[in-house]
Amino acid sequence: LSFVERFFHLALENKKGTTEEAKLVKDLDKLEMILQAQEYEEDGDNGKSLDGFFDSTRGKWRTEMGRQWAEEIEARRKVGTKEDK
């Protein structure tokens, strides 16, 4: 297969989300989003609730690894907000 054909097949595989690799990529994208939200919260300059970012990912993890990492991020988030008060 040419590079373009391989790229097309990989992009299609990712879009369908049927392989374990594609599922992990989708989870990593969500993890990056909630990590960024957590950083904004820790920065303290935001002033708005970012719960929506976390709410939008709950129950939508495609891999066990993604679910576990998300739980760890949320656990650290809760600890951080308790310490600040």
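Residues numbered from 1 in each chain as written. Predicted model: local features only at pLDDT ≥ 70, side-chain atom pairs only at ≥ 80, totals over all residues. Heavy atoms only, no water.

Some thoughts on the side chain of Thr57
Argument step 1. Looking at the secondary structure, you find Thr57 in the loop between helix H3 (51–55) and helix H4 (64–84).
Argument step 2. Relative accessible area serves as the criterion here: at 2%, Thr57 is assigned to the buried category.
Argument step 3. At 2.9 Å, the side chain of Thr57 and the backbone oxygen of Phe54 are in polar contact.
Argument step 4. Look past the residues within four positions of Thr57 in its chain and what remains in contact with it is Lys30, Met33 and Ile34. (Helix = DSSP H or I, 4+ residues; strand = E, 2+ residues; numbered from the N terminus. Buried < 20%, exposed > 50% of the residue type's maximum accessible area, 1.4 Å probe, protein only. Polar contact = N/O pair within 3.5 Å; in protein donor to acceptor, adjacent residues only side chain to side chain. Contact = heavy atoms within 4.5 Å.)

A short note on the environment of Glu39
Argument step 1. Its place among the elements puts Glu39 in helix H2 (residues 20–43).
Argument step 2. C-alpha separation for the pair Glu39 and Arg77, spaced 38 residues apart in sequence, amounts to 9.4 Å.

Considerations on the packing of helix H1 (residues 3–16) against H2
Argument step 1. For the pair H1 and H2, the least separation of the axes is 8 Å and the interaxial angle reads 65°. Classed by the angle they form, the pair H1 and H2 counts as roughly perpendicular. Of the two elements, H1 crosses H2, and the hand of that crossing is right-handed. Of H2, the residues touching H1 (which contributes Glu13, Asn14 and Lys15) are Glu21, Ala22, Val25 and Lys26. (Axes fitted to C-alpha atoms, helices over the stretch in contact; angles between N-to-C directions. Parallel < 35°, antiparallel > 145°, perpendicular 65-115°, else oblique. Left-handed = near helix turned anticlockwise from the far one by under 90°.)

Quick look at the pattern of salt bridges
Two side chains of opposite charge can pair, provided their charged atoms sit close to one another.
Argument step 1. Applying the stated rule across the entire model yields nine salt bridges.
Argument step 2. Between Glu64 and Arg67 there is a salt bridge, and its shortest N-O distance comes to 2.1 Å. Of this pair, Glu64 and Arg67 both sit in helix H4, separated by three residues, roughly a single helical turn.
Argument step 3. Look at the salt bridges and you will find they share partners, linking Glu41, Asp51 and Arg77 into a network. (Salt bridge = Lys/Arg side-chain N within 4 Å of Asp/Glu carboxyl O.)

Digging into the environment of Asp45
Argument step 1. Looking at the element boundaries, Asp45 is found in the loop between H2 and H3.
Argument step 2. Sequence-wise, Asp45 and Leu28 are 17 residues apart; in three dimensions their C-alpha atoms are separated by 26 Å.

A few points about H2
Argument step 1. End to end, H2 covers 34 Å across 24 residues, agreeing with the expected 34 Å (1.5 Å per residue, within 8%).
Argument step 2. Turning to H2, its buried residues are Ala22, Asp27, Lys30, Leu31, Ile34, Ala37 and Gln38.
Argument step 3. Directly beyond the C-terminal end of H2, a positive phi value near 85° is found at Gly44. (Expected span 1.5 Å × (residues − 1).)

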